[in-house]
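What follows is each chain in one-letter form.
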Amino acid sequence: MQLTNKELKEKINEYKKKLSVTVVAHFYQRDEVFEVGDITGDSLELAIKTRDDNSEFVVFCGVGFMGQSVKVLSPNKRVAMPKAACCAMAVMIDGMQFDASVKALNEAGIMNENILPITYINSNADVKAKVGEMGGMVCTSSNAKKIITTALKEGKKILFVPDRCLGQNIANQMGLKSCVIGDGTNLLDADIICYNGFCSVHQLFSVDDINFYRKKYPGILIAVHPECDPSVCDVADFVGSTSQLIKYINELPEDQKVAVGTEFNLVNRLRPKNTYVLSSTKPECPTMNETTLRDVYEVLKSIDEGEPLNEIHVDENTQKWAKIALERMLAL
């Protein structure tokens, strides 16, 4: 049966009243999906907020690692996803590739006892668990500088996975040396050694885009996410996480023009005037945009029928160590 968005929303709201369920939606979701979220925010914010929620089920409108983070922090909750979507960055590294990265450091003369791994929240639970077992922790784009500052006090080399851009941008902010595994740099010379992962959406923004907007609109501000290439972040007026970008842009004078380098759905939801997308192409996250209202309806229907679709499961050992890695971050 073909239902309109209005009819789907009505049925979704009926299920939310009937079931012990909380629908959460990431900032990058389509507008119509974002609007049915009981809790909205970025990935870690959602995991923390749902930890304090009393519902039996969490329906997570996002990508796989986000649903895993909820399950890791709240193992007694049942987490289902409207779509079995993955994060392109997160799937660039798995446990075996993490081990291979550690081996590369070992072969360069850096032994395990002198390595402190840090994984960006945009990684799957198996990688978080590997990091936890080695004494490391998780970070987000908003707290990465604080986490790295704390980690450096141990006097170890930092192995930063999976996003090379975030790792190198933080290193540049702190005046540290960084490198990417496999780029030909002597790993011994670097303070932060990055895995070669990246966000395909944030790679769309370029210095040419910035130059175009500055020429077209003199006085315009450029605000970008730290998953952008360092060449972009180095010449931007503001670099910040999703929540930091929202705060920065919403506090600007209404007549101040700003071009924003992050996912389209988020930018499109910001103040309606004088806000531009910093790209000649539409920077949509393809996997975030897979989720539709129909998918939300179908997963709620499946919960009501006792056979939840796309339920997240994390094995006990992975859950244990991934939670330790996350809790080390939260403790700071």
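It should be noted that the structure appears before, not after, this text.
Keep in mind that this is a model prediction, so the values were computed, not measured.

Engineer: Account for the pattern of salt bridges, naming residues and giving values.
Structural biologist: Across all of its chains, the model carries 16 salt bridges by this definition. Note that Arg-214 and Asp-237 form a salt bridge whose closest N and O atoms lie 3.1 Å from each other. Here Asp-237 lies in the loop between helix H10 (230-233) and strand E11 (238-239) and Arg-214 lies in helix H9 (residues 207-216), a separation of 23 residues in the sequence. Using a relative accessible area of 30% as the deciding quantity, one classes Arg-214 as partly exposed. Judged by its relative accessible area of 40%, Asp-237 is partly exposed.

Engineer: Outline unusual backbone geometry, supporting the account with residue identities and numerical values.
Structural biologist: Along the chain, Val-161 connects to Pro-162 via a cis peptide bond; the corresponding omega equals -15 degrees. Residue position: Pro-162 is located in the loop between strand E7 (157-161) and helix H8 (164-174). Non-glycine residue Asn-274 carries a positive phi angle of around 60 degrees. Along the polypeptide, Asn-274 turns up in the loop between helix H12 (264-269) and strand E13 (275-277). Unlike most non-glycine residues, Asn-310 shows phi in positive territory, near 50 degrees.

Engineer: How would you sum up the pairing of strand E12 (residues 258-261)? Please name residues and give values.
Structural biologist: Residues Val-258 and Val-260 of E12 are buried on one face, and the alternating residues Ala-259 and Gly-261, pointing to the opposite face, are buried as well. With four bridges joining them, strand E10 (residues 221-224) and E12 adopt parallel strand pairing. Looking across to E12, one finds that Ala-223 is bridged to Val-260. In the sheet, E12 pairs with E13 via three bridges, with the strands oriented parallel. What sits directly across from Ala-259, in E13, is Tyr-276. In the classification by handedness, the crossover that spans E12, the intervening H12 and the parallel E13 is right-handed.

Engineer: With reference to specific residues and values, describe the packing of helix H1 (residues 5-18) against helix H13 (residues 293-304).
Structural biologist: The contact between H1 and H13 brings their axes to 9 Å, and the two run at 30 degrees. In terms of orientation, H1 and H13 fall into the roughly parallel class. Judged by the twist between their axes, the crossing of H1 over H13 is left-handed. The segment H1 lies against H13, with Asn-5, Leu-8, Lys-9, Lys-11, Ile-12, Tyr-15 and Lys-18 engaging Leu-293, Arg-294, Val-296, Tyr-297, Leu-300, Lys-301 and Asp-304.

Engineer: So what's going on with the sheet that holds strand E4 (residues 78-80)? Residues and values would help.
Structural biologist: Strand order in this open sheet of four strands is E2-E1-E3-E4, and the pairing throughout is parallel. With one partner strand each, in any of the chains shown, strand E2 (39-41) and E4 form the two edges of the open sheet. Shown here is a sheet whose adjacent strand axes are inclined to one another by a mean of 25 degrees, direction ignored. In this structure, strand E1 (residues 21-26) lies alongside E2, joined through three bridges in parallel fashion. Bridge pairing links Val-24 to Ile-39 in E2. Its contacts with the sheet place helix H3 (residues 43-51) against E1, E2 and strand E3 (57-61), and it is angled at close to 150 degrees to E2.

Engineer: Please provide a residue-by-residue account of the packing of aromatic side chains, values included.
Structural biologist: Centre-to-centre distance and the angle between the planes together describe a pair of aromatic rings. In the structure shown here, the tally under the stated rule is seven aromatic pairs. Measuring from ring centre to ring centre gives 6.3 Å for Tyr-213 and Tyr-217, while their planes differ by 25 degrees; the resulting arrangement is stacked. Given a relative accessible area of 11%, Tyr-213 falls into the buried group. With centroids separated by 4.9 Å and ring planes inclined at 25 degrees, the aromatic side chains of Tyr-217 and Tyr-276 adopt a geometry described as stacked. Within this pair, whereas Tyr-217 is found in the loop between H9 and E10, its partner Tyr-276 is found in strand E13, the two being separated by 59 residues in sequence.

Engineer: Tell me what's going on with the nonpolar core, and back it up with residues and numbers.
Structural biologist: Counting residues in each nonpolar core, the largest one holds 86 residues, and the members touching the most others are Phe-60, Ile-118, Phe-160, Leu-300 and Leu-326. Aside from chain neighbours lying at most four places away, what touches Ile-118 is Val-131, Met-137, Cys-139, Ile-147, Ile-148, Ala-151, Ile-158, Leu-159, Phe-160 and Val-161. Core analysis: the second largest hydrophobic core is formed by 15 residues, Phe-98, Val-127, Leu-159 and Val-161 among them.

Engineer: Could you give an account of the pairing of E3, with specific residues and numbers?
Structural biologist: Across the five residues that make up E3, a large majority, five, are buried. Across the two faces of E3 the burial is the same, with Phe-57, Val-59 and Cys-61 and Val-58 and Phe-60 all buried. For E3 and E4, the ladder comprises three bridges, and the chain directions are parallel. The residue of E4 that forms the bridge with Val-59 is Ala-80. You can see the chain leave E3, run along helix H4 (residues 64-73) and come back into E4, and the turn it takes is right-handed.

Analysis parameters
Residues numbered from 1 in each chain as written. Predicted model: local features only at pLDDT ≥ 70, side-chain atom pairs only at ≥ 80, totals over all residues. Heavy atoms only, no water. Salt bridge = Lys/Arg side-chain N within 4 Å of Asp/Glu carboxyl O. Helix = DSSP H or I, 4+ residues; strand = E, 2+ residues; numbered from the N terminus. Buried < 20%, exposed > 50% of the residue type's maximum accessible area, 1.4 Å probe, protein only. Pairing = 2+ DSSP bridges. Right-handed = clockwise from strand over helix to strand, strands pointing away. Axes fitted to C-alpha atoms, helices over the stretch in contact; angles between N-to-C directions. Parallel < 35°, antiparallel > 145°, perpendicular 65-115°, else oblique. Left-handed = near helix turned anticlockwise from the far one by under 90°. Contact = heavy atoms within 4.5 Å. Phe/Tyr/Trp six-rings, centres within 6.5 Å; stacked < 30°, edge-to-face > 60°. Core = buried A, V, L, I, M, F, W, Y, C linked by side-chain atoms within 4.5 Å.

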